[in-house]
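Commentary on secondary and tertiary structure
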Amino acid sequence: QIHVVESGGGAVQPGGFLRLFCETSGAVLPFSSVGWFRQVPGKEREGITCLGYIVNSTYYSDSVKGRFTISKDNTEMTWYLQMNNLIPEDTAIYYCAAANGVGTASYFCHSDMQFWGKGTLVTVSS
């Protein structure tokens with residue numbers, strides 16, 4: 001079984017920063033893509049940043065580009081989301097996710113990833 005667990009959520013003030021962590025277990029090969037998604041209750045899930053490896057690529061949504069940075073360890077089994085200059089609109093449940101397959105980072109960030117964490121809450125309050 002492949003397990004995905006994210007952590008690092010919390011409450012911060014606008015302009016603050018936060019780092020999220022995603023740890024996995026059970027994968028026998030590196031993933032083709034890893035990324036971060038977020039969802040506000042009542043709204044659709046948004047893929048905010050993904051890394052693709054079959055097609056070497058990086059994707060950021062317009063809503064976070066320039067403020068958030070995705071990074072990974074050498075095995076692609078652990079990855080991170082550095083969130084800077086947080087704004088209230090960033091308040092959401094954040095999910096890490098991974099997939100195997102073929103596609104660009106943009107493709108995966110607009111797809112239904114195969115493996116998902118349960119989510120960690122980020123609250124940015126003014």
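Keep in mind that what you see is a predicted model, and the values were worked out from it rather than measured.

Bringing the packing of aromatic side chains into the picture now. The tally for this structure, following the rule as stated, stands at 6 aromatic pairs. Summarising the aromatic geometry, the rings of phenylalanine 31 and tryptophan 79 are spaced 6.2 Å apart at their centres and angled 80 degrees between planes, so their arrangement reads as edge-to-face. With phenylalanine 31 in the loop between strand S3 (18-25) and strand S4 (33-39) and tryptophan 79 in strand S8 (residues 78-83), this pair connects stretches of sequence that are 48 residues apart. Residue classification places phenylalanine 31 among the buried residues on the basis of a relative accessible area of 3%.

Positionally, alanine 97 belongs in strand S9 (residues 92-99). Separated by 17 residues in the primary sequence, alanine 97 and glutamine 114 have C-alpha atoms spaced 7.3 Å apart. Leaving out residues up to four positions away in the same chain, alanine 97 has contacts with Ser33, Val34, Gly35, Phe37, Trp79, Met113, Phe115 and Trp116.

Applying the stated rule across the entire model yields 2 disulfides. Between cysteine 50 and cysteine 109 runs a disulfide, and the two sulfur atoms are separated by 2.2 Å. Given an S-S torsion of about 85 degrees, the disulfide between cysteine 50 and cysteine 109 has right-handed geometry. In this pair, cysteine 50 sits in strand S5 (residues 46-52) while cysteine 109 sits in helix H1 (residues 105-109), placing the two residues 59 residues apart along the sequence. Classification of cysteine 50 by relative accessible area gives buried; the value is 0%. With a relative accessible area of 2%, cysteine 109 lands in the buried category.

The rules behind the values
- Residues numbered from 1 in each chain as written.
- Predicted model: local features only at pLDDT ≥ 70, side-chain atom pairs only at ≥ 80, totals over all residues.
- Heavy atoms only, no water.
- Phe/Tyr/Trp six-rings, centres within 6.5 Å; stacked < 30°, edge-to-face > 60°.
- Helix = DSSP H or I, 4+ residues; strand = E, 2+ residues; numbered from the N terminus.
- Buried < 20%, exposed > 50% of the residue type's maximum accessible area, 1.4 Å probe, protein only.
- Contact = heavy atoms within 4.5 Å.
- Disulfide = S-S within 2.5 Å.

Nothing here speaks to function; it is geometry throughout.
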